[in-house]
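This is what each chain is made of:
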Amino acid sequence: MACLSDIDLATLHEHRLKQRWHYGLANYSDYHHHQDGFNAMTRRCLERSLHKPDTDLRKVQRDLNGNSLDAFGSSGGADKSDLDNNCFASGMQRQRSGTWPRTRSLNAPSPFQQFGPCGRIMKNSAMVMQIQDPASQRLTWYKPPLTVLVIKKVSDASVLAPFVQLVDWLLQEKNMVVWVESAVLEDAHLNEDVKFKAIREKLVTFKDGRDDLTDRIDFIVCLGGDGTLLYASQLFQQSVPPVMAFHLGSLGFLTPFRFDNFEEQLTSVLEGHAALTLRSRLRCVMHRKGDKRQEAKVEANADARPAANSILVLNEVVIDRGPSPYLSNIDLFLDGKYITSVQGDGLIVSTPTGSTAYAAAAGASMIHPSVPAIMVTPICPHSLSFRPIVVPAGVELKVSVSPESRNTSWVSFDGRNRQELFHGDSLRVTTSIYPVPCICAQDQISDWFASLADGLHWNVRKRQKCLDELSDLTASGSEDTLDEMENMKLRTRSLNAPSPFQQFGPCGRIMKNSAMVMQIQDPASQRLTWYKPPLTVLVIKKKDSQVLLPFVQLVEWLVQEKHMVVWVESAVLEDKLLRDDVKLENESAKFRQVHGDYCGVRERFLALREKLVTFKDGRDDLTDRIDFIVCLGGDGTLLYASQLFQQSVPPVMAFYLGSLGFLTPFQCDNFQEQVTNVLEGHAALTLRSRLRCSIHRKGERRKESLQPAGSSLLKPSHHRYLNYIELNNGASSGANNNYCNPHMSSNNSILVLNEVVINRGPSPYLSNIDIFLDGKYITSVQGDGLIVSTPTGSTAYAAAAGASMIHPSVPAILVTPICPHSLSFRPIVVPAGVELRISISPDSRNTSRVSFDGRNDQELNHGDSLRVTTSIYPVPSICSQDQISDWFDSLAEGLHWNVRKRQKCLDELSDLTASGSEDTLDEFDNLKIYDASGSSLDT
């Protein structure tokens, strides 16, 4: 059969009708009897196609009894006029599994790639990939599905009746070929069912581990709990047919459908009305000692022909100590670089889907399935600083037993196929190109949050009552906020993940929608290029006397050697240590001593003073005036640079002269060589996403008005029509042209690099904050407050509040509660394309305070709302090494991530360590040297 159009549902149904006639599975009278199975528009399209003069359906067909049947129902009791009259008689359409079309993209907005007047990302077409917005992923059948695999929960009598009812309906009403596992027919209770005996011979059976189901199954229906979906994933180690999961088990986190009206829901899916969540899987390969040198290089399409020792997992791969009484001692490598060692019960490497399984039990944050990432979570680590981390989906992880480990380890894949990992063996984990296409009951966002609430009771707590004396505050809530609360249930090697395989079984694939496809460049290939020589440089220094000498040396070198125009803040010229007109008799003895010590530095600076260009924060606009930024100090200097540039930010080179130094990877020792390399274009970039925040005050909802002077989020120099610029730049981003909110006024928006914090301020009462995501009520925060942060900010306040740490290249937003008065409020990670709206709950006893990167503190009153989205303007931070190395070095040096004394090997176990492979030992001797084998799963 010819491949059908991805969006022409009428043609699809016409082909389905043709196939049923061809195989004698249905007659026209049956079709007319069940025509309500199609909505009005589909029936009309079918009727038109069936009545074309030249259609081959005018041929006489045979029904099941062998009688002649005209295609237009001479025996069906309805003529063409009847169809025309009744085409739109029914106004009721079947409820689709998901809102369509969705107005917002789940993808992060395509970042603006010009940084100041001179800098931009080096073009590399080979490192650009196209990805479709997850929110637009809808199922289409390019030929009618005829075979269905029904997987039921084992050893559960409550599933037997729904199973028989479903199979009978699929056979009798839908005329489909039903496959079941052979073990199902051995169920004694099932064989006693009279109805099942009548259909037993019509079933096709398979045996797990013997029969290959590849390209035999068009559609999967699961009846039971989450384990049925994991079993379906295990059965299909390549392309997986679309999966529809009914909740008949215990937890039901992955089973969004209820069985009450299964006929209507299944018919809707078989007609192509279905939203999809592509749940990524991990590809795990065991490399045994002795096989390393003989390993053949894996082809680029290795996922298409998986190795015999590889397995795809939907939830997680777990490496633990097994029955041994000793701590696990596991080495973790990322893209060939040694990262850390796990000393504890073990390690969990999970997908976003698996982040709500074992990883959640081990303390990790919960990640939405549409976020392209891999979660790494320790199990009971014997370290006070081993926080779970989230890394980009495109990396390769390698796990091996440490040479000085006292025992071996054990590996399990989605709780199955348990194997021992010996000294010298290694386990390699990457993201597979074969996801599991799960059909949504509503849409990707609604289903996930519904599962969090229903399955895990996420943030369940009795709501705090409002005080009578504060009832006037609750009455001031805006109408739309109150309406939403009353009707909350009615609201609707690349670092990139590998482009998912989009054909699911023989029949299913994703509906093509070019308007919802965007191009993204691999973050690992993002390198700075200058399209004209940089001439102006802004030097930002920390207010610290110890920074004065490096500051003067840098400025002197830039002016005299590089002949650049140097900008500094006007407050620098007012530093008393750099002025010679200070009345020392009015100063303390300590200051007079320090002032004398800096005599030489001061003389050098005064010689340069007239050559410097100054600006005043809050008065002067630096847009398109600065080509390059150099920061001297701590992380605060980078946050200050982000605040100064509320649109495109010039490339930022940050030198570590502060306290923590998490965002400042460069050392000042040889700054001349390092700055020269950057000015010549030899620099990798980390694009640190920022959040665009705007406060909507009560009374401005219907018509946004300008705020009074002094009440805006930004200083006057930063009122730059952000909405107009972001909207027009975002329009070229395809899927993201709806990204900016057209109601946002230019002067009440601000971009933050770390986080926006909503807290209770000086009030003694708990904060009571409502969170909405894309207009849908999600939950309420009752505690000290809430942190909404970027991946960069995940290592700041969010880390202190207990969140997992996210690599800056992961497109996501982290939502973390501050001291929630709830035992179940775990931090969550949502796709970067969503819009968060935060408002004071109508029954809150107090207002809240909002701050942006620790600045611009404001009050959020009843009726106000704060809206947060991802901006198209990132901060281009220049890397000292590369995106991965810089981040893990900062974790280790700045936060002492997983720092602990290493456990020594026992003498009686020295023979085990001697069995370690040579390359593993070499990696330990040279921690910063890449894996000598250089092998990768996909190269």
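Residues numbered from 1 in each chain as written. Predicted model: local features only at pLDDT ≥ 70, side-chain atom pairs only at ≥ 80, totals over all residues. Heavy atoms only, no water.

## Some details on the overall build of the protein
We apply this condition: For the purposes of this entry, the term helix denotes a DSSP run of H or I that reaches at least four residues, the term strand denotes a run of E that reaches at least two, and both are numbered from the N terminus. Relative accessibility under 20% of the residue-type maximum defines a buried residue, over 50% an exposed one, and the middle range a partly exposed one, all with a 1.4 Å probe and only protein chains included. Using the Shrake-Rupley algorithm and a 1.4 Å probe, accessible areas are obtained, with residue cover drawn only from the displayed protein chains.
Scanning the protein for helices and strands turns up 24 helices and 48 strands. Counting the 939 residues in the protein, one finds 60% classified as buried. Put simply, the protein shows about 38400 Å² of open surface, and 50% of that area lies on carbon and sulfur atoms.

## Description of the sheet that holds strand β29 (residues 528–530)
What counts is decided by this rule: Two strands form a pair only when DSSP identifies at least two bridges running between them.
Strand order in this open sheet of three strands is β3-β4-β29, and the pairing throughout is antiparallel. Because the sheet does not close on itself, it has two edges, and the strands there are β3 (114–115) and β29. Where β3 lies against strand β4 (residues 119–121), two bridges are found, and the strand directions are antiparallel. For Phe115, the partnering residue across the bridge sits in β4 and is Gly119.

## Notes on the nonpolar core
Looking at soluble globular proteins, one finds that nonpolar side chains tend to be buried together. Selection criterion: Definition used in this section: a nonpolar core is a set of buried Ala, Val, Leu, Ile, Met, Phe, Trp, Tyr and Cys residues joined via side-chain atoms within 4.5 Å.
Residues Leu149, Ile220, Phe449 and Leu866 are the most contacted members of the largest nonpolar core, which totals 59 residues. When residues in this core are grouped by element, the largest group, five residues, is from helix α8 (residues 226–235). Ranked by size, the runner-up nonpolar core spans 55 residues in total, among them Ile374, Leu397, Val401 and Val652.

## Quick look at the packing of aromatic side chains
Heads up, the rule is: Between the rings of Phe, Tyr and Trp (Trp by its six-membered ring), a pair exists once the centres lie within 6.5 Å; its type follows the angle of the planes, with under 30 degrees stacked, over 60 edge-to-face, and the other angles tilted. Each ring is checked for a lysine NZ or an arginine CZ that lies within 6 Å of its centre and within 35 degrees of its normal; such an atom marks a charge sitting over the ring.
Applying the stated rule across the entire model yields 18 aromatic pairs. For the pair Phe246 and Phe257, a centre-to-centre distance of 5.8 Å together with 50° between the ring planes defines the contact as tilted. Placement of the pair is Phe246 in strand β11 (residues 243–247) and Phe257 in the loop between β11 and α9 (262–270), with a sequence separation of 11 residues. Their ring planes at 15° and their centres at 4.5 Å tell us that Phe259 and Phe262 sit as a pair that is stacked. A single burial state applies to Phe259 and to Phe262, both of which are buried. Cluster of aromatic residues (ring-pair linked, three or more members): Trp169, Phe246, Phe257, Phe259 and Phe262. Lys398 extends its terminal NZ or CZ atom over the ring of Phe333, reaching a point 4.9 Å from the ring centre. Residue placement shows Arg837 over the ring face of Phe772; its charged tip is 4.4 Å from the ring centre.

## Observations concerning the confidence of the model for the protein
Predicted coordinates in regions of low pLDDT should not be interpreted in detail. For the record, the criterion: Confidence of the predictor in every single residue is expressed as pLDDT, which spans 0 to 100. In this analysis, two residues are considered to be in contact whenever any of their non-hydrogen atoms come within 4.5 Å of each other.
Across the protein, the average pLDDT comes to 78, with 73% of residues at 70 or higher. Confidence over residues 702–712 falls short of pLDDT 50; this stretch has 16 contacts with residues more than four positions distant or in other chains. A low-confidence stretch, residues 912–939 stays under pLDDT 50, and its non-local contacts, those more than four residues away or across chains, total 70 contacts.

## Observations concerning the environment of Asp454
Mapped onto the elements, Asp454 comes out in helix α11 (residues 444–456). For Asp454, a relative accessible area of 53% gives the class exposed. The spacing of Asp454 and Gly252 is 202 residues in sequence and 8.6 Å in space, taken between C-alpha atoms.

## A few points about the packing of helix α14 (residues 548–560) against helix α19 (residues 671–679)
Short version of the rule: Between N-to-C directions, angles cover 0 to 180 degrees, with each direction set by a line fitted to C-alpha atoms, over the stretch in contact for helices. Comment on the angle field: the value is read as roughly parallel under 35 degrees, roughly antiparallel over 145, roughly perpendicular from 65 to 115, and oblique elsewhere. Left-handed describes a crossing in which the near helix is turned anticlockwise from the far one by less than a right angle; the clockwise case is right-handed. Gly falls in the polar group here, along with every residue not listed as nonpolar (Ala, Val, Leu, Ile, Met, Phe, Trp, Tyr, Cys, Pro) or charged (Asp, Glu, Lys, Arg).
At a minimum axis distance of 11 Å, the contact between α14 and α19 shows a crossing angle of 50°. Here α19 runs oblique to α14, going by the angle between their axes. As for the relative orientation of α14 and α19, their crossing is right-handed in sense. Across from Gln553, Leu554, Trp557 and Leu558 in α14, the residues of α19 making contact are Phe671, Gln672, Val675 and Thr676. Its residues placed into classes, the contact of α14 with α19 shows five nonpolar, three polar and no charged.

## Some points on the side chain of Asp627
What counts here: For the purposes of these results, a polar contact is taken to be a pair of N or O atoms within 3.5 Å, where, inside protein, one atom must be able to donate a hydrogen and its partner to accept one; residues adjacent in sequence count only when each atom of the pair is a side-chain atom.
Topologically, Asp627 is positioned in the loop between β32 (613–615) and β33 (628–633). Within the structure, Asp627 has its side chain in polar contact with the backbone nitrogen of Leu535 (distance 2.7 Å). Once residues within four sequence positions are removed from consideration, Asp627 is found in contact with Phe115, Pro117, Cys118, Trp530, Pro533, Pro534, Leu535, Thr536, Pro650 and Pro651.

## A look at the pattern of salt bridges
Put simply, the rule reads: Here, a salt bridge means any side-chain nitrogen of Lys or Arg that lies within 4 Å of a carboxyl oxygen of Asp or Glu.
Per the stated rule, a full pass over the model turns up 18 salt bridges. One salt bridge connects Glu396 with Arg428, and the closest N-O pair in it is separated by 3.5 Å. Placement of the pair is Glu396 in the loop between β20 (389–392) and β21 (397–401) and Arg428 in strand β24 (residues 426–431), with a sequence separation of 32 residues. The same class applies to Glu396 and to Arg428, which are both buried. Across the salt bridge formed by Arg849 and Asp857, the nearest N and O atoms sit 2.6 Å from each other. Residues joined in a network through salt bridges with shared partners are Arg849, Asp857 and Glu859.

## A look at the packing of α14 against helix α17 (residues 599–608)
Interaxial distance between α14 and α17 falls to 10 Å at its minimum, and their mutual angle equals 35°. At the point where α14 passes α17, the crossing takes the left-handed sense. Residues Leu548, Leu549, Phe551, Val552, Gln553, Val555, Glu556, Val559 and Gln560 of α14 form the contact with α17, whose participating residues are Val601, Arg604, Phe605 and Leu608. Within the contact of α14 with α17, the residues separate by chemical class into nine nonpolar, two polar and two charged.

## Notes on the environment of Asp581
Mapped onto the secondary structure, Asp581 falls in the loop between α15 (570–573) and α16 (589–597). Separated by 3.1 Å, the side chains of Asp581 and Arg579 make a polar contact.

## Considerations on α19
When α19 is considered as a whole, its buried residues turn out to be Phe671, Gln674, Val675, Thr676, Val678 and Leu679. Buried-residue contacts for α19 involve β29, α14, β33, β34 (652–656) and β48 (875–878). Directly after α19, the chain includes Gly681, whose backbone phi takes a positive value near 95°.

## Comments concerning the pairing of strand β10 (residues 219–224)
Going by this rule: Note on handedness: a clockwise path from strand one over the helix to strand two, with the strands aimed away from the viewer, defines a right-handed crossover.
Counting buried residues along β10, six of its six residues qualify, which places the element largely inside the surrounding structure. Pairing analysis gives five bridges linking strand β7 (residues 147–152) to β10, with the strands arranged parallel. What sits directly across from Leu149, in β10, is Ile220. Note that β10 and β11 share five bridges and pair parallel. Considered in β11, the bridge of Ile220 is made with Val243. Following the backbone out of β10, through α8 and into the adjacent parallel β11, one traces a crossover that is right-handed.

## Observations concerning unusual backbone geometry
Most peptide bonds adopt trans geometry, and most residues besides glycine take a negative phi value. A positive phi angle, close to 45°, is found at Cys380, a residue other than glycine. Relative to the elements of secondary structure, Cys380 occurs in strand β19 (residues 373–381). Phi is positive for Asp624, which is not a glycine, with a value near 65°. Along the chain, Asp624 turns up in the loop between β32 and β33. A residue is classified by how much of its surface remains accessible, and Asp624, at 60% relative accessible area, is exposed.

## Here we look at the pairing of β34
Within β34, four of the five residues are buried, which leaves it mostly tucked inside the rest of the structure. Inspection of the sheet shows β33 paired to β34 by five bridges, in the parallel sense. Bridge pairing in β34 places Leu632 opposite Phe655. This β-α-β element, β33 to helix α18 (residues 635–644) to β34, shows right-handed connectivity.

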